[in-house]
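Chains, contacts and geometry: an overview
The primary structure of each chain is shown beneath.
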Amino acid sequence: MTDQAATSSATANIGVVGLAVMGSNLARNLASREGNTVAIFNRSAEKTEHLVAEHPEAGFVATFSYEEFAASLTAPRTAIIMVKAGAGTDAVIDELLRVFEPGDIIVDGGNALFTDTIRREKAVRETGINFVGMGVSGGEEGALLGPSLMPGGSDESWITLGPILKTIAAVAEGEPCVTHIGHDGAGHFVKMVHNGIEYADMQVIAEAYDLIRHATGYSPAQIADVFAEWNRGELESYLIEITAEVLRQVDSDTGLPLVDVVLDQAGAKGTGGWTAQTAIDLGVPASGIAEAVFARSLSSHPEQRATAGILPGPDADAESSFADDPAAFIEKVRRALYASKIVAYSQGFDIIRAGAAHYGWNIDLGNVAAIWRGGCIIRARFLNRITEAYADTADLPVLMTAPFFVDALATAQDAWRDVVAHAAATGLPAPVFSSSLAYYDGLRARRLPAALIQGQRDFFGAHTYKRVDRDGTFHTLWSGDRSEVEAVDTH
Ligand SMILES: NC(=O)c1ccc[n+]([C@@H]2O[C@H](COP(=O)([O-])OP(=O)(O)OC[C@H]3O[C@@H](n4cnc5c(N)ncnc54)[C@H](OP(=O)(O)O)[C@@H]3O)[C@@H](O)[C@H]2O)c1
């Protein structure tokens, strides 16, 4: 224990446990706001000592044991945990439960799986201590300057936490990017879906770049200009903005565009996969998000890709079919990108709606879109349109059927179809452009071949079917005389 720690007493109104990149930045953000005194603790003392030494202006109360940490906090004690999600989170919660008292608040700001948060909230609540799972978006810079915050947990915790969180959150159009999402795991659930949408958004941008590059022969720097231009219109967003920056970057070693020297195998930390799995569990067809996750997986199997090079098909690198008239093709890609993006958000909000119904959360979907306007990775101009759509119709069954999006899709859809057809014809993979279009057409179809699937299921498994012309459940005696009988519904 240091001298500094020994003199600490209950002077801090908020504490942070876990002082790696996210925790240290969040602690600095908290300390920079009027009225906050921040206690800090990290398992290994070096990080605490380093942070205090580097940022004397923050006035941190440095602590070196959980007892000291608890003693430094005023009641109700409020601690934000920013440690490696999983076993690390459970370990810290166990320690805090030892030293905290009923009425205190433990906030987990890590990327926890929402079902873990539901489990933890239930267990911690039994001790009389409040547990809040909170999604934090915006990465390192967001944590320092203003993240988008998605807290779950009890209404009681929100009374204490809300005013503090409002001071550190990003601000979009004058409003803090934080709202009480819903009880127990609701905050981490919404953060997970945010990340799932992020996967889809990044993938459609990557597909747009790839299509433009191959079809027009433009260099990455020229495509950077295209994205910079797009960022002045309806596609304006953080991800479009940084795409232009990345495409413009030149590798200092080789003088080549950085994007050409980076290995084309995309990493993932799991939240996109969780979103896709959760969508499947809830029966939500979030195909664009799932395809984006699979596109990263596909990229990361070099051994399969090397072997599959022998498979026949058009040579995507053969020619630049729109080299003579790039502008028209680029505009089509812009429209296809916008349409695919609308589908990704529509699917994401569909997952949140289904999750809220399943887990009993009262989530205001318009507010979710509003708090994503600042601080987070998917911040974008058109989130305002989502807020408006839910303000008009709170229980809108499909987001993209809101009038604004219907108009946008009407304008975009011909180009979208052309671009998907071009990708297929020239052998360029555009999995999210094409699966989003298939989803769009599937939803609007008057009749789907699902009827045939029901017939097949009834044939091999007597799974029964419904009819369009009368109530009841039916089965055809496929191995008998093929007459139809009434049956018990077995789905
Ligand atoms: N990086 C991002 O952009 C981002 C964005 C949003 C959310 N998050 C989430 O924020 C959390 C923190 O992320 P990060 O990148 O700053 O850190 P991290 O690398 O995920 O975790 C390192 C921190 O966890 C602590 N830790 C690990 N196991 C522990 C245990 N058993 N007991 C106590 N402490 C333990 C480490 O302490 P020691 O120093 O003692 O090892 C260190 O402070 C994670 O859940 C992450 O998923 C990250």
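None of these values were measured; they are calculated from a predicted model.

Attention shifts here to the overall build of the protein chain. A tally of regular secondary structure across the protein chain gives 21 helices and 11 strands. Over its C-alpha trace the protein chain gives a radius of gyration of 26 Å, about what one expects of a compact globule, namely 23 Å for 491 residues. Projecting the C-alpha coordinates of the protein chain onto the three principal axes gives extents of approximately 80 × 70 × 45 Å. Per-residue burial over the protein chain gives 48% buried out of 491 residues. Restricting to contacts in the protein chain with at least 6 residues of sequence separation, those with at least 24 account for 68%. Surface summary for the protein chain: the accessible area is close to 22800 Å², and the carbon and sulfur share equals 54%. Where the 37 positive side-chain charges of the protein chain centre and where its 63 negative ones centre are 4 Å apart.

M22, N42, S44, K47 and V83 are the nearest of the 20 residues found near the ligand. Take M22: an N or O atom from its main chain is 2.8 Å from an oxygen atom of the ligand. Contact between the ligand and K47: an oxygen atom at 2.5 Å from a side-chain N or O atom of the residue. A majority-of-atoms criterion places the ligand in the second largest pocket. Breaking the shell around the ligand down by element, the ones donating at least two residues are α2 (21–31) and α5 (87–99). Classifying every residue of the shell around the ligand gives 10 nonpolar, 7 polar and 3 charged.

Along the polypeptide, T243 turns up in helix α11 (residues 238–248). By relative accessible area, which is 14% here, T243 ends up buried. Excluding its chain neighbours within four sequence positions, the residues that come into contact with T243 are I205 and F227.

Attention now goes to the layout of surface pockets. Its volume calculated, the largest pocket comes out at about 1900 Å³. Forming the boundary of the largest pocket are 46 residues, of which A206, D210, D264, S299 and R305 lie nearest the centre. For the lining of the largest pocket, the secondary-structure elements that each account for two or more residues are α9 (186–216), α11, α12 (258–261), α14 (287–299) and α15 (302–308). For the lining of the largest pocket, a count of residues per class yields 27 nonpolar, 10 polar and 9 charged. Approximately 1400 Å³ is the volume found for the second largest pocket. Mapped onto the lining of the second largest pocket, the elements with two or more residues apiece are α2, α5, α6 (114–125), β6 (130–137), α9, α11 and α13 (271–282). The element that contributes the greatest number of residues to the lining of the second largest pocket is α9, accounting for 6 residues.

It is worth spelling out the sheet that holds β6 at this point. An order of β3-β2-β1-β4-β5-β6-β7 is seen for the 7 strands of this open sheet, with the pairing classed as mixed. Strands with a single pairing partner mark the edges of an open sheet, and in this sheet they are β3 (61–62) and β7 (148–151). Summarising the sheet, strand β4 (residues 78–81) and strand β5 (residues 105–108) pair through 4 bridges and their orientation is parallel. When the bridges of β5 are listed, T78 appears paired with I105. Where helix α3 (residues 45–54) meets the sheet, it contacts β2 (38–41) and β3, and its direction lies at approximately 145° from that of β2.

For the protein chain, the domain assignment lists domain 1 (14–180), domain 2 (192–444) and domain 3 (449–486). Computed over C-alpha atoms, the centres of domain 1 and domain 2 are 33 Å apart. With 22 residues of domain 1 at the contact, the number on the domain 2 side is 18 residues. Taken together, the two surfaces of domain 1 and domain 2 that pack against each other cover about 1400 Å², and 65% of this comes from carbon and sulfur. When residues of domain 1 are sorted by the area they lose upon contact with domain 2, L113, F114 and T179 head the list and together hold 30% of the total. Run the count over domain 1 and domain 2 and you get 2 salt bridges. The residue E175 makes a salt bridge to R373 at a minimum N-O spacing of 3.3 Å. For the interface between domain 1 and domain 2, the tally reads 5 residue pairs in polar contact (both at pLDDT 80 or more). Secondary-structure elements contributing two or more residues to the side of domain 1 that touches domain 2 are α6, β7 and β9 (175–176). For the side of domain 1 that touches domain 2, the per-class residue count stands at 12 nonpolar, 8 polar and 2 charged.

To continue, consider the state of the cysteines. Taken as a whole, this structure holds 0 disulfides when the rule is applied. Not part of a disulfide, C376 finds its nearest cysteine sulfur in C177, a span of 7.2 Å.

On the secondary structure map, Q456 appears in helix α21 (residues 450–461). Residues Q456 and N36, spaced 420 residues apart in sequence, show a C-alpha to C-alpha distance of 64 Å.

Moving on: helix α20 (residues 431–444). For α20, with 14 residues, the first-to-last C-alpha span of 20 Å sits near the 20 Å given by 1.5 Å per residue. V432, F433, S435, S436, L437, Y439 and Y440 are the residues of α20 that are buried. In this structure, the buried residues of α20 make contact with α9, α14, α16 (326–359) and α19 (403–426).

For S137, the location among the structural elements is in strand β6. Engagement of the side chain of S137 in a polar contact is seen with the side chain of H194, the distance being 3.2 Å. If we skip the residues at most four places from it in the chain, S137 touches P147, S148, M150, K191, H194, G375, C376 and I377.

To continue, consider the pairing of β5. A regular strand carries its side chains on alternate faces of the sheet. Judged by which residues are buried, β5 turns out to be covered on both faces: I105 and V107 on one side and I106 and D108 on the other are all buried. Chirality of the crossover, the property in question, places the unit of β4, α5 and β5 among those that are right-handed. Pairing of β5 with β6, which is carried by 4 bridges, proceeds in the parallel orientation. Note that in β6 the partner of I105 across the bridge is N130. With respect to chirality, the unit in which β5 leads through α6 into the neighbouring parallel β6 is right-handed.

Thresholds applied
Residues numbered from 1 in each chain as written. Predicted model: local features only at pLDDT ≥ 70, side-chain atom pairs only at ≥ 80, totals over all residues. Heavy atoms only, no water. Helix = DSSP H or I, 4+ residues; strand = E, 2+ residues; numbered from the N terminus. Rg over C-alpha atoms; globule rule 2.2 N^0.38 Å. Buried < 20%, exposed > 50% of the residue type's maximum accessible area, 1.4 Å probe, protein only. Contact = heavy atoms within 4.5 Å. Areas by Shrake-Rupley, 256 points an atom, 1.4 Å probe, with all protein chains shown as cover. Lys, Arg positive; Asp, Glu negative; His and termini not counted. Charge placed at Lys NZ, Arg CZ, Asp CG, Glu CD. Near = heavy atom within 4 Å. Polar contact = N/O pair within 3.5 Å; in protein donor to acceptor, adjacent residues only side chain to side chain. 1 Å grid on protein atoms, 1.4 Å probe; cavity = no way out; pocket = protein on both sides within 12 Å on 5 of 7 lines; lining within 4 Å. Sits in = over half its atoms within 2 Å of the grid points. Nonpolar A, V, L, I, M, F, W, Y, C, P; charged D, E, K, R; others polar. Points joined across faces, edges and corners; volume = space filled by probe spheres on them. Pairing = 2+ DSSP bridges. Axes fitted to C-alpha atoms, helices over the stretch in contact; angles between N-to-C directions. Domains from an automatic or database assignment. Buried area = accessible area lost by both parts, 1.4 Å probe. Salt bridge = Lys/Arg side-chain N within 4 Å of Asp/Glu carboxyl O. Disulfide = S-S within 2.5 Å. Expected span 1.5 Å × (residues − 1). Right-handed = clockwise from strand over helix to strand, strands pointing away.

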